[in-house]
Amino acid sequence: MTGSAVSLAGVGKDYKHFTLDDVSLELPQGSIMGFIGANGAGKSTTIRILMGLIHQDRGTVRVLDNEMPAGQVAAKREIGYVSDDMRLYPSATIAWHMSFIASIFPSWDATYAAELVRRFDLTPDQRIKGLSHGQRVKAALLLVLARRPRLLVLDEPTTGLDPIARQEVLGALIEVLADERRTVLFSSQNTMDVEQISDRITFIDRGRIVASDDKENYLDRWRRVRFEIPEGATVTAVPGMLDLRGSGRINVVTVPNFTDATLPLLQATGASITAVEPMSLEEIFLCTVKNRREGVLA
Amino acid sequence: MNAPVIRSLVLKDWFLMRRPLAFYLVAAAIALAMCGSGSLLAFEAGAILLITVVISMAIHIVMQTIANERVEKTLAFVMSLPISAMDYTSAKLIANGGLFLVPWAIVTAGAVGLIAFVGDLPNGLIPWAVAVMLELAVSYFFLVGVSLVSESMPWTIVGMVVGNLGFQAFLFYVSNVPVIARQMKGEAIVWNGPIAAILLLEIAAIVALLGLTYWAQSRKRDFI
């Protein structure tokens, strides 16, 4: 058994108008990774490759000690996969889906399923076509959670939900994930959703991984520094600082690796520090993507 | 071969198709009753209805169990289960084969029984009727293959049109082969000669279509 539930090394996939390029990713067992990217960034392609649904053109993929795509049958026995573009059978009831999944997975836990039905406020006899989008997502989550998968892969499960339904689904998910330690890969374009449940974050943009780290490291390292310079002076660029903005005396700079040495460096240019502010994950994501695209960040 | 999951997927398709299938069987029974009513007009209307029922059933099964899985996005749910693309193909071919062939066999047996035991239809019609019914099965497996391999509703519709045109051409051809046309009007049931060759070709076509479908599916690298 390796320490990683998911391991992608140099994975590539070529399409006519999109290339997934040199994606390398490690998801340690027991961690919850948020996978953030804009629409078309390559999140779903990466996830489909690690599920064995798409064959990579280059690189190696290992999921729960199975080489993918060859080992997808064994791997999928232990993966719970819910995707934004996944639907249940509209004419069948939730109860039918539960018995269908139970017939396939010996690990199906009927007691836990009944508990999830109650927690998610679902009615087993209700047909899928009569459910709201939020209820459908909860039903899909119930079907994967009650078979207690080692790895949970959630591909934009909250996309298209109204704010109330989104909060309900996230709340239910957080509650369930708090019960036991599971490895989770949670993709979303919504950084707030990811921030709530993840302990590791990976950013993807234009088919490339642009950053991957512990959530706390991002939040600890990134700072926005506001400073003033003397009248008539010009701002001097400081290495390692991004997005220097301002006019006249008042300026703002983004620091991706804030340390004790950062402020003295700025002060040495004549700047007078007025504020040091933490940044949200969304701001960090946007800044990372923008600067990668411009070639400023390595 | 992942037999337990394939079995669950086959049962799933049977469950989801149980009501339409019951409807088509009732419609086929009505068509057979019309054929056996003794009136020539009712016989002709019944025969047309019977063929229409079998063609409609074939289209409905393929649309519901294959083409719609992509359109309604239930394919992602199925492929999240512990199966490979080839397991999925096997499940679809077994489920669709059974869904079509069971009612098809009942309807074919009903048609043969009707010719043999009811009214004054010549028994020589039986080989012709079997060839026509078998051709419907060929068209069906062609449509299953097109829908599975293309994973596309437009191509499934093209497959439907091509299959239907092929069936009409076959119907015209088989009814106008002089030997068969002569035998159809007689009381003797003749299985040898041109009709035997046609039946063998039809069976070979079904086997070839199944093989081609498997082959094309095995070459796919992206399944969803």
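Rules and cut-offs
- Residues numbered from 1 in each chain as written.
- Chains lettered and ligands numbered in written order.
- Predicted model: local features only at pLDDT ≥ 70, side-chain atom pairs only at ≥ 80, totals over all residues.
- Heavy atoms only, no water.
- Helix = DSSP H or I, 4+ residues; strand = E, 2+ residues; numbered from the N terminus.
- Contact = heavy atoms within 4.5 Å.
- Areas by Shrake-Rupley, 256 points an atom, 1.4 Å probe, with all protein chains shown as cover.
- Buried < 20%, exposed > 50% of the residue type's maximum accessible area, 1.4 Å probe, protein only.
- Lys, Arg positive; Asp, Glu negative; His and termini not counted.
- Charge placed at Lys NZ, Arg CZ, Asp CG, Glu CD.
- Pairing = 2+ DSSP bridges.
- Phe/Tyr/Trp six-rings, centres within 6.5 Å; stacked < 30°, edge-to-face > 60°.
- Lys NZ or Arg CZ within 6 Å of the ring centre and 35° of its normal.
- Axes fitted to C-alpha atoms, helices over the stretch in contact; angles between N-to-C directions.

Draft legend 1. Highlighting the overall build of chain A. Of the regular secondary structure elements, chain A holds ten helices and 14 strands. The principal-axis extent of the C-alpha atoms belonging to chain A is close to 75 × 40 × 35 Å. Taking as baseline every contact in chain A between residues at least 6 positions apart, the subset at least 24 positions apart corresponds to 70%. With the model as given, the accessible surface of chain A reaches about 12,700 Å², and the carbon-plus-sulfur share is 51%.

Draft legend 2. Main features of the overall build of chain B. Along chain B, the regular secondary structure elements total nine helices and zero strands. Mapped from its N terminus to its C terminus, chain B presents α and β elements in the order α-α-α-α-α-α-α-α-α. For chain B, the C-alpha atoms occupy an extent of roughly 55 × 35 × 30 Å along the three principal directions. In chain B, which comprises 224 residues, the share counted as buried stands at 51%. A total of about 10,000 Å² of accessible surface is found on chain B, and carbon and sulfur atoms cover 75% of it. Here chain B carries 12 positive and 11 negative side-chain charges, and the mean point of each set is 8 Å from the other.

Draft legend 3. Summary view of the pairing of strand E10 (residues 208-214) of chain A. Residues and elements named next belong to chain A. Direction of pairing for strand E9 (residues 200-205) relative to E10: antiparallel, over a ladder of six bridges. Along E10, the bridge assignment pairs Ile201 with Asp213. Joining the antiparallel neighbours E9 and E10 is a turn of two residues, in which Arg206 adopts a positive phi near 50°.

Draft legend 4. Quick peek at the packing of aromatic side chains. Inspection of the entire model under this criterion finds ten aromatic pairs over all chains. Where Phe203(A) meets Tyr218(A), the ring centres are 5.1 Å apart and the plane angle is 40°; that geometry is what we call tilted. You can see Phe203(A) sitting in strand E9 and its partner Tyr218(A) sitting in helix H8 (residues 215-221), a full 15 residues away along the chain. Here Phe203(A) falls in the buried class, since its relative accessible area comes to 0%. Judged by its relative accessible area of 2%, Tyr218(A) is buried. When the centroid spacing of 5.3 Å and the interplanar angle of 75° are considered together, the rings of Tyr140(B) and Phe141(B) count as edge-to-face. On the basis of relative accessible area, Tyr140(B) is assigned to the buried category, the value being 1%. Owing to a relative accessible area of 6%, Phe141(B) belongs among the buried residues under this scheme. What links up through ring pairs into an aromatic cluster is the set Tyr89(A), Trp96(A), Phe100(A), Phe15(B) and Phe77(B). Between Arg147(A) and the ring centre of Phe105(A), over which it is positioned, the NZ or CZ distance is 3.8 Å. Taking NZ or CZ as reference, Arg148(A) lies 4.1 Å from the ring centre of Tyr112(A), over its face.

Draft legend 5. Fine view of the environment of Phe203(A). Put simply, Phe203(A) and Val176(A) are 27 residues apart on the chain and 25 Å apart in space, counted from C-alpha to C-alpha. Aside from chain neighbours lying at most four places away, what touches Phe203(A) is Ile36(A), Arg208(A), Ile209(A), Val210(A), Ala211(A), Tyr218(A), Leu281(A), Ile284(A), Phe285(A) and Thr288(A).

Draft legend 6. Structural detail: the sheet that holds E10(A). Residue and element names in this part refer to chain A. Spatial strand order, E6-E7-E8-E3-E9-E10: six strands in an open sheet with mixed pairing. Two strands in the sheet have a free side with no partner beyond their single neighbour: strand E6 (79-83) and E10. If you compare each strand with its neighbour and ignore which way they point, the axes differ by 15° on average. Relative to strand E7 (residues 151-155), E6 is paired through five bridges, and the arrangement is parallel. Looking at E7, one finds that Tyr81 is bridged to Val153. This element, helix H1 (residues 43-50), spans strand E3 (32-36), E6, E7, strand E8 (183-188) and E9 of the sheet and lies at about 150° to E8. Packing of helix H10 (residues 281-293) onto the sheet brings it into contact with E3, E9 and E10, and relative to E9 it is tilted by some 40°.

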